[in-house]
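# Fold and geometry: a report
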Amino acid sequence: MKPFRFILSPFALLLGITLRIRHALFNLGVWKSTTPQIRSIGIGNLSAGGTGKTPLTIFLSQLFQDQNPVVISRGYGRKSKGLHEVVTGGEAEQFGDEPLEIKHNSGAQVIVCEKRVKALQHLKDTSSDAKLIVFDDVLQHRWVKPHFNLLLTTFGQPFFEDHLFPWGMLRDLKSRAKAADLILVTKSVFPIENSTAERYRKSIQQYSSAPVFFTGLAHRFENTQGELLKNPNSDCSHLIITGIAKPEKFNEYLGSKGISGSFHRFSDHHNFKDEELKAILSKFLKFASESSTLITTRKDWTRLSAKQKALFQSKLQVVIVAIELIFESDQHQNDFQQLVHQGIIE
């Protein structure tokens, strides 16, 4: 794959030229960015998917719940167009899977709209009482300019070691890191050696002077309502279905619990078809035991239609692998929260 990507490097060069022209038009004021009247936080990355934006969005929505936050997202993967307010229990086709996951876990107001400026106008027109806006995946957008920007990059594939697509997985220039007020190295495995942390910070400092924090993911088993469950039986086979960008942490968690079974992996935001799920379930039930379950992620579960959910629930117990953002220590989390709080009130 790497030699193939090297062959495609001229296309990466072309993308780089295009991005430089686009950013120049914004920097020179030819294209205008809108700063929200309400205090706002922008969450984004430089790479294509899988950096942990959704867990962070949920974390911030819960952290600032006293500010009645509203989350504005593009709603990637939905079939609908225009502006929609996400409702609990809605369909991914209308809202997108990640906005539904954010709504389920945070309870915050969530709006999906391709044009973030239009969403801002909607808040003004409806006299929203929100005191904070959290923009999901906005670093590249640039038509809006949040008051405080958070850049995410993964521990396993940091942006400073990557290249522009299709040579690498970057969808924006490394120099855009300078727009960040804080940088999170996500999906870290704790504890991190001091020498490793220092190497990451020094590498990031080549592109940004923003403070750097390391975060990981904590996993747990839940039912569809979000209630904690005991570990599934490790002595039997389970039906495991997932369609997320980088499922390595999901796989590692199941392996750490001794859980195995019939694993079906799909691409991120996969649109599940009734026929494929029926075929998968029918084949699995031929050798399933009474203790067998369906194991999937919250994001995947929200993407299923009501009909598809009913199909699985009629045959198997459904186990959701839920995730949440964690810091290496309470002190690191407190420092992070303090910096974000200062950033949105100053």
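Scroll up a little and you will see the structure.
The following paragraphs examine the structure supplied in this document. (Residues numbered from 1 in each chain as written. Predicted model: local features only at pLDDT ≥ 70, side-chain atom pairs only at ≥ 80, totals over all residues. Heavy atoms only, no water.)

## Some thoughts on helix α12 (residues 330-345)
A rise of 1.5 Å per residue sets the reference length of α12, with its 16 residues, at 22 Å; its end C-alpha atoms lie 22 Å apart and thus fit the reference within 8%. Restricting attention to buried positions, one finds in α12 the residues Phe-336, Gln-337, Val-340, Gly-343 and Ile-344. Along the axis of α12, the buried positions cluster into a sector of 125°, meaning they face one direction only. Among the exposed residues of α12, those pointing more than 90 degrees away from its buried face are Asp-330 and Ile-345. On its buried side, α12 packs onto β1 (40-45), α3 (53-63), β6 (148-154), β7 (182-186), β8 (212-222) and β12 (317-327). (Helix = DSSP H or I, 4+ residues; strand = E, 2+ residues; numbered from the N terminus. Expected span 1.5 Å × (residues − 1). Buried < 20%, exposed > 50% of the residue type's maximum accessible area, 1.4 Å probe, protein only. Arc of directions from axis to C-beta. Contact = heavy atoms within 4.5 Å.)

## Concerning unusual backbone geometry
Pro-166 follows Phe-165 through a cis peptide bond whose omega is 5°. Residue position: Pro-166 is located in the loop between β6 and β7. Each neighbour pair has its own omega, and for Phe-190 with Pro-191 the value is 0°, a cis peptide bond. Checked against the element boundaries, Pro-191 lands in the loop between β7 and α7 (194-204). The backbone of Asn-68 sits at a positive phi, close to 50°, despite the residue not being glycine. A relative accessible area of 33% means that Asn-68 is categorised as partly exposed. Positive phi outside glycine occurs at Ser-127, with the angle close to 50°. For Ser-127, the location among the structural elements is in the loop between α6 (116-125) and β5 (133-136).

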